[in-house]
Amino acid sequence: MKPIQILGIVLIVAGVFGLVYGGFSFTKDRHTADLGPLKLSVDEKQHVNVPLWAGLGVLVAGVLLLVVPRRS
């Protein structure tokens, strides 16, 4: 399999996930404090939205990489 085909497949999968889930969440460690035996931490959960146009754009780019013939 050629690298362009692999990239096309990866872009298609990423575009489908972007359209289906609409974003992703992650936890960010904001503050930590160690006061002797006492340990305090603050975690903040953040959500990143993936716009519809971005998911569609990545999906179309992946399809184009697979469908459009390359010059030899």
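Residues numbered from 1 in each chain as written. Predicted model: local features only at pLDDT ≥ 70, side-chain atom pairs only at ≥ 80, totals over all residues. Heavy atoms only, no water.

Participant: Where do I start with the pairing of strand 2 (residues 38–49) in this structure?
Facilitator: The pairing of strand 1 (residues 23–35) with strand 2 spans 12 bridges and is classified as antiparallel. What sits directly across from serine 25, in strand 2, is histidine 47. Here strand 1 folds back onto strand 2 in antiparallel fashion, the turn holding two residues, of which glycine 36 has a positive phi close to 65 degrees. (Pairing = 2+ DSSP bridges. Helix = DSSP H or I, 4+ residues; strand = E, 2+ residues; numbered from the N terminus.)

Participant: How should I be thinking about the packing of aromatic side chains in this particular structure?
Facilitator: The description of an aromatic ring pair uses the distance of the two centres, along with the angle that the planes make with each other. Applying the stated criterion across every chain yields a total of two aromatic pairs. Their ring planes at 25 degrees and their centres at 5.8 Å tell us that phenylalanine 17 and tyrosine 21 sit as a pair that is stacked. Taken together, the positions of phenylalanine 17 and tyrosine 21, both in helix 1 (residues 3–21) and four residues apart, correspond to about one turn of that helix. Among the residues examined, tyrosine 21 registers a relative accessible area of 60% and is labelled exposed. Centre to centre, the rings of phenylalanine 24 and phenylalanine 26 are 6.5 Å apart; their planes meet at 35 degrees, and the pair counts as tilted. Classification of phenylalanine 24 by relative accessible area gives partly exposed; the value is 47%. (Phe/Tyr/Trp six-rings, centres within 6.5 Å; stacked < 30°, edge-to-face > 60°. Buried < 20%, exposed > 50% of the residue type's maximum accessible area, 1.4 Å probe, protein only.)

Participant: I keep staring at the packing of helix 1 against helix 2 (residues 52–67) and nothing clicks. Help me out?
Facilitator: Any two packed helices are characterised by how steeply their axes cross, that is the angle between the axes, and by the distance between the axes. The N-to-C vectors of helix 1 and helix 2 enclose an angle of 155 degrees; their axes lie 7 Å apart at closest approach. Relative to helix 2, helix 1 is oriented roughly antiparallel. Viewed along their axes, helix 1 and helix 2 form a crossing whose handedness is left-handed. In this structure, helix 1 contributes Ile4, Gln5, Leu7, Gly8, Ile9, Leu11, Ile12, Ala14, Gly15, Val16 and Leu19 to the contact, and helix 2 contributes Leu52, Gly55, Leu56, Val58, Leu59, Ala61, Gly62, Val63, Leu65 and Leu66. Residues that form the contact of helix 1 with helix 2 fall into these classes: 16 nonpolar, five polar and no charged. (Axes fitted to C-alpha atoms, helices over the stretch in contact; angles between N-to-C directions. Parallel < 35°, antiparallel > 145°, perpendicular 65-115°, else oblique. Left-handed = near helix turned anticlockwise from the far one by under 90°. Contact = heavy atoms within 4.5 Å. Nonpolar A, V, L, I, M, F, W, Y, C, P; charged D, E, K, R; others polar.)

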